[in-house]
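Chain by chain, the residues:
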Amino acid sequence: MFRIENENDLRDAFRNLDRDAVEIPADFRFPIYVRDYLAWRESSGARVFLVFAEPEQRKTFGIAFRADQSRGVAPHHCEWCHSTGGSSEIGLLTANASDRKRVGLHLCLDLTCLGKLESRANLSGENSRVIARRLTANMMDFARRTLF
Ligand SMILES: [Zn+2]
(Lines give C-alpha, C1' and ligand atoms only; values in the text may rest on other atoms or scores of the structure.)
Protein backbone atom coordinates (compact mmCIF):
# COMPACT_ATOMS: atom_id res chain seq x y z
CA MET A 1 0.00 0.00 0.00
CA PHE A 2 1.25 3.45 -0.81
CA ARG A 3 -0.25 6.89 -0.91
CA ILE A 4 -0.08 9.54 -3.58
CA GLU A 5 -0.65 12.92 -1.99
CA ASN A 6 -1.36 15.11 -4.95
CA GLU A 7 -0.92 15.62 -8.66
CA ASN A 8 2.72 16.69 -8.31
CA ASP A 9 3.47 13.58 -6.31
CA LEU A 10 1.92 11.47 -9.06
CA ARG A 11 3.87 13.28 -11.78
CA ASP A 12 7.09 12.91 -9.79
CA ALA A 13 6.83 9.12 -10.04
CA PHE A 14 7.61 9.45 -13.75
CA ARG A 15 10.99 10.10 -15.24
CA ASN A 16 11.77 13.49 -16.75
CA LEU A 17 11.47 12.25 -20.29
CA ASP A 18 7.90 11.03 -19.67
CA ARG A 19 6.59 13.60 -17.25
CA ASP A 20 5.18 16.01 -19.82
CA ALA A 21 3.25 13.24 -21.54
CA VAL A 22 1.41 12.17 -18.41
CA GLU A 23 -2.29 12.92 -18.64
CA ILE A 24 -3.92 12.81 -15.23
CA PRO A 25 -7.64 12.08 -15.34
CA ALA A 26 -9.82 14.91 -14.08
CA ASP A 27 -11.71 12.52 -11.81
CA PHE A 28 -8.67 11.48 -9.76
CA ARG A 29 -9.21 12.64 -6.16
CA PHE A 30 -6.16 13.03 -3.96
CA PRO A 31 -4.77 11.58 -1.81
CA ILE A 32 -4.99 8.26 -3.60
CA TYR A 33 -4.37 5.10 -1.62
CA VAL A 34 -2.94 2.43 -3.87
CA ARG A 35 -2.93 -1.17 -2.77
CA ASP A 36 -0.72 -2.63 -5.50
CA TYR A 37 -0.51 -0.37 -8.51
CA LEU A 38 -2.38 2.35 -10.27
CA ALA A 39 -3.01 2.20 -14.00
CA TRP A 40 -5.06 4.34 -16.32
CA ARG A 41 -5.47 4.98 -20.01
CA GLU A 42 -5.26 8.33 -21.68
CA SER A 43 -8.60 9.49 -23.07
CA SER A 44 -7.38 8.80 -26.62
CA GLY A 45 -6.28 5.30 -25.58
CA ALA A 46 -2.85 5.87 -27.11
CA ARG A 47 -0.99 5.88 -23.81
CA VAL A 48 -1.31 3.78 -20.70
CA PHE A 49 0.21 4.91 -17.43
CA LEU A 50 1.38 2.68 -14.63
CA VAL A 51 2.49 3.70 -11.14
CA PHE A 52 3.73 1.25 -8.54
CA ALA A 53 6.02 1.35 -5.54
CA GLU A 54 8.97 -0.60 -4.36
CA PRO A 55 7.96 -2.90 -1.51
CA GLU A 56 9.12 -1.66 1.90
CA GLN A 57 9.99 1.69 0.40
CA ARG A 58 7.94 4.68 -0.43
CA LYS A 59 9.60 5.40 -3.73
CA THR A 60 7.12 5.30 -6.59
CA PHE A 61 7.84 4.45 -10.19
CA GLY A 62 5.79 5.58 -13.14
CA ILE A 63 5.92 4.19 -16.65
CA ALA A 64 4.30 5.90 -19.61
CA PHE A 65 3.52 3.17 -22.10
CA ARG A 66 2.48 3.76 -25.65
CA ALA A 67 0.17 1.25 -27.27
CA ASP A 68 1.63 0.31 -30.61
CA GLN A 69 -0.90 -0.38 -33.28
CA SER A 70 -0.49 -4.08 -33.72
CA ARG A 71 -2.89 -5.71 -36.09
CA GLY A 72 -3.51 -9.31 -36.80
CA VAL A 73 -5.85 -11.99 -35.65
CA ALA A 74 -3.42 -14.22 -33.77
CA PRO A 75 -4.21 -14.29 -30.05
CA HIS A 76 -1.86 -12.25 -27.95
CA HIS A 77 -0.44 -13.24 -24.63
CA CYS A 78 0.15 -10.92 -21.67
CA GLU A 79 3.63 -11.33 -20.24
CA TRP A 80 2.52 -10.26 -16.76
CA CYS A 81 -0.74 -12.10 -16.16
CA HIS A 82 -0.58 -14.70 -18.96
CA SER A 83 -4.04 -13.85 -20.21
CA THR A 84 -4.70 -14.30 -23.89
CA GLY A 85 -6.92 -12.15 -26.03
CA GLY A 86 -7.30 -10.33 -29.30
CA SER A 87 -5.35 -7.28 -30.40
CA SER A 88 -7.92 -4.96 -28.84
CA GLU A 89 -7.20 -6.44 -25.40
CA ILE A 90 -3.54 -7.40 -25.43
CA GLY A 91 -0.81 -5.78 -27.42
CA LEU A 92 2.65 -4.34 -27.45
CA LEU A 93 3.14 -1.54 -24.94
CA THR A 94 6.37 0.35 -25.31
CA ALA A 95 8.16 2.82 -23.08
CA ASN A 96 11.05 5.20 -23.66
CA ALA A 97 14.26 3.65 -22.39
CA SER A 98 16.05 6.79 -23.55
CA ASP A 99 15.55 9.50 -26.13
CA ARG A 100 16.35 7.04 -28.88
CA LYS A 101 15.43 3.64 -27.58
CA ARG A 102 12.05 2.12 -26.80
CA VAL A 103 11.45 -1.12 -24.98
CA GLY A 104 8.27 -3.09 -24.91
CA LEU A 105 6.26 -5.94 -23.56
CA HIS A 106 3.07 -7.66 -24.65
CA LEU A 107 0.58 -6.73 -21.98
CA CYS A 108 -3.11 -6.22 -21.32
CA LEU A 109 -3.72 -2.83 -22.91
CA ASP A 110 -5.66 -1.58 -19.89
CA LEU A 111 -3.20 -3.17 -17.40
CA THR A 112 -6.01 -4.87 -15.50
CA CYS A 113 -3.64 -7.80 -14.97
CA LEU A 114 -4.18 -7.95 -11.23
CA GLY A 115 -7.95 -8.30 -11.49
CA LYS A 116 -7.54 -11.17 -13.91
CA LEU A 117 -4.95 -12.88 -11.72
CA GLU A 118 -7.16 -12.45 -8.65
CA SER A 119 -10.17 -13.98 -10.36
CA ARG A 120 -8.07 -16.96 -11.31
CA ALA A 121 -6.64 -17.18 -7.79
CA ASN A 122 -10.16 -17.26 -6.35
CA LEU A 123 -10.97 -20.24 -8.50
CA SER A 124 -7.75 -22.13 -7.89
CA GLY A 125 -7.35 -21.37 -4.19
CA GLU A 126 -4.03 -19.59 -4.68
CA ASN A 127 -3.18 -16.76 -2.34
CA SER A 128 -4.05 -13.58 -4.18
CA ARG A 129 -1.63 -11.48 -2.10
CA VAL A 130 1.27 -13.70 -3.20
CA ILE A 131 0.12 -13.28 -6.78
CA ALA A 132 -0.13 -9.50 -6.41
CA ARG A 133 3.39 -9.34 -5.01
CA ARG A 134 4.70 -11.45 -7.85
CA LEU A 135 3.02 -9.14 -10.37
CA THR A 136 4.46 -5.96 -8.88
CA ALA A 137 7.86 -7.71 -8.68
CA ASN A 138 7.60 -8.32 -12.44
CA MET A 139 6.78 -4.63 -12.97
CA MET A 140 9.74 -3.64 -10.82
CA ASP A 141 12.01 -6.05 -12.64
CA PHE A 142 11.04 -4.62 -16.04
CA ALA A 143 11.52 -1.06 -14.78
CA ARG A 144 14.89 -1.81 -13.19
CA ARG A 145 16.24 -3.70 -16.17
CA THR A 146 15.21 -1.27 -18.85
CA LEU A 147 14.10 2.13 -17.57
CA PHE A 148 15.34 3.30 -14.20
ZN1 LIG B 1 -2.16 -8.85 -18.24
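Thresholds, definitions, all that
- Residues numbered from 1 in each chain as written.
- Predicted model: local features only at pLDDT ≥ 70, side-chain atom pairs only at ≥ 80, totals over all residues.
- Heavy atoms only, no water.
- Helix = DSSP H or I, 4+ residues; strand = E, 2+ residues; numbered from the N terminus.
- Contact = heavy atoms within 4.5 Å.
- Donors = N, O, S within 2.8 Å, 3.2 Å for Na, K, Ca; no water.
- Tetrahedral: all angles 85-135°; square planar, octahedral: opposite > 155°, others 65-115°.
- Buried < 20%, exposed > 50% of the residue type's maximum accessible area, 1.4 Å probe, protein only.
- Pairing = 2+ DSSP bridges.
- pLDDT = per-residue confidence, 0-100.
- Phe/Tyr/Trp six-rings, centres within 6.5 Å; stacked < 30°, edge-to-face > 60°.
- Lys NZ or Arg CZ within 6 Å of the ring centre and 35° of its normal.

## Regarding the side chain of Glu42
Part 1 of the reasoning: Looking at the secondary structure, you find Glu42 in the loop between β3 (37-41) and β4 (47-53).
Part 2 of the reasoning: Sequence-distant contacts of Glu42, defined by excluding residues within four places in its chain, comprise Ala21, Glu23, Arg47 and Phe49.

## Here's the deal with the coordination of the zinc ion
Part 1 of the reasoning: At this site the zinc ion is bound by Cys78 (SG), Cys81 (SG), Cys108 (SG) and Cys113 (SG), with donor distances of 2.3 Å.
Part 2 of the reasoning: Because the angles between the 4 donor atoms bound to the zinc ion fall within 101 to 118°, the donor set is best described as tetrahedral.
Part 3 of the reasoning: The sequence pattern formed by the donor residues of the zinc ion is C-x2-C-x26-C-x4-C. Highlighted residues: Cys81 in the loop between β6 (76-77) and β7 (84-85) and Cys108 in strand β9 (residues 102-108), separated in sequence by 27 residues. Taken as a pair, Cys81 and Cys108 share a single burial class, namely buried.

## Topic: the pairing of β3
Successive residues of a regular strand alternate their side chains across the two faces of the sheet.
Part 1 of the reasoning: In this sheet, β4 lies alongside β3 in antiparallel orientation, the contact comprising 5 bridges. Within β4, the residue paired with Tyr37 across the bridge is Phe52.
Part 2 of the reasoning: Linking two consecutive strands that pair antiparallel, namely β3 and β4, is a turn of 5 residues; a positive phi of about 85° is found at Gly45 within it.

## Some words on the pairing of strand β8 (residues 90-96)
Part 1 of the reasoning: Most of β8 is tucked away: 6 of the 7 residues are buried.
Part 2 of the reasoning: Judged from the 2 bridges that link them, strand β5 (residues 60-67) and β8 form a sheet pairing that is antiparallel. Bridge pairing in β8 links Ala67 to Leu93.
Part 3 of the reasoning: Bridge count between β8 and β9: 7 bridges; the pairing is antiparallel. When the sheet's bridge partners are listed, Asn96 is paired in β9 with Arg102.
Part 4 of the reasoning: Between the antiparallel neighbours β8 and β9 lie 5 residues.

## Some thoughts on the environment of Ile90
Part 1 of the reasoning: Considering the arrangement of structural elements, one finds Ile90 in strand β8.
Part 2 of the reasoning: Of the residues examined, Ile90 reaches a relative accessible area of 1% and is grouped as buried.
Part 3 of the reasoning: With 11 residues separating them along the chain, Ile90 and Glu79 place their C-alpha atoms 9.7 Å apart.
Part 4 of the reasoning: Setting aside its immediate chain neighbours within four residues, Ile90 contacts His76, His77, Cys78, Ser83, Thr84, Gly85, Leu107, Cys108 and Leu109.

## Topic: the confidence of the model for the chain
Part 1 of the reasoning: Summing up the model confidence of the chain, the mean pLDDT is 92 and the portion of residues at 70 or higher is 97%.
Part 2 of the reasoning: Mean pLDDT values for the elements of the chain range from 91 in β6 up to 97 in β3.

## With respect to the packing of aromatic side chains
Part 1 of the reasoning: Under the defined criterion, the tally for this structure stands at 9 aromatic pairs.
Part 2 of the reasoning: Consider the rings of Phe14 and Trp40, whose centres lie 6.4 Å apart with planes at 80°: the pair is edge-to-face. Of the two residues, Phe14 sits in the loop between α1 (7-12) and α2 (16-19) while Trp40 sits in strand β3, which places them 26 residues apart along the sequence. You'll find Phe14 and Trp40 in the same group, each marked buried.
Part 3 of the reasoning: Taking 5.2 Å as the distance between ring centres and 70° as the angle between the ring planes, the aromatic pair formed by Phe28 and Trp40 counts as edge-to-face. Here Trp40 lies in strand β3 and Phe28 lies in the loop between α2 and β2 (32-34), a separation of 12 residues in the sequence. Trp40 carries the same exposure label as Phe28, and that label is buried.
Part 4 of the reasoning: One aromatic cluster is present, formed by Phe14, Phe28, Trp40 and Phe49 through successive ring pairs.
Part 5 of the reasoning: Just above the ring of Phe148 sits the side chain of Arg15; from NZ or CZ to the centre is 5.4 Å.
Part 6 of the reasoning: The aromatic ring of Phe61 is capped on one face by Lys59, whose charged end is 4.6 Å from the ring centroid.

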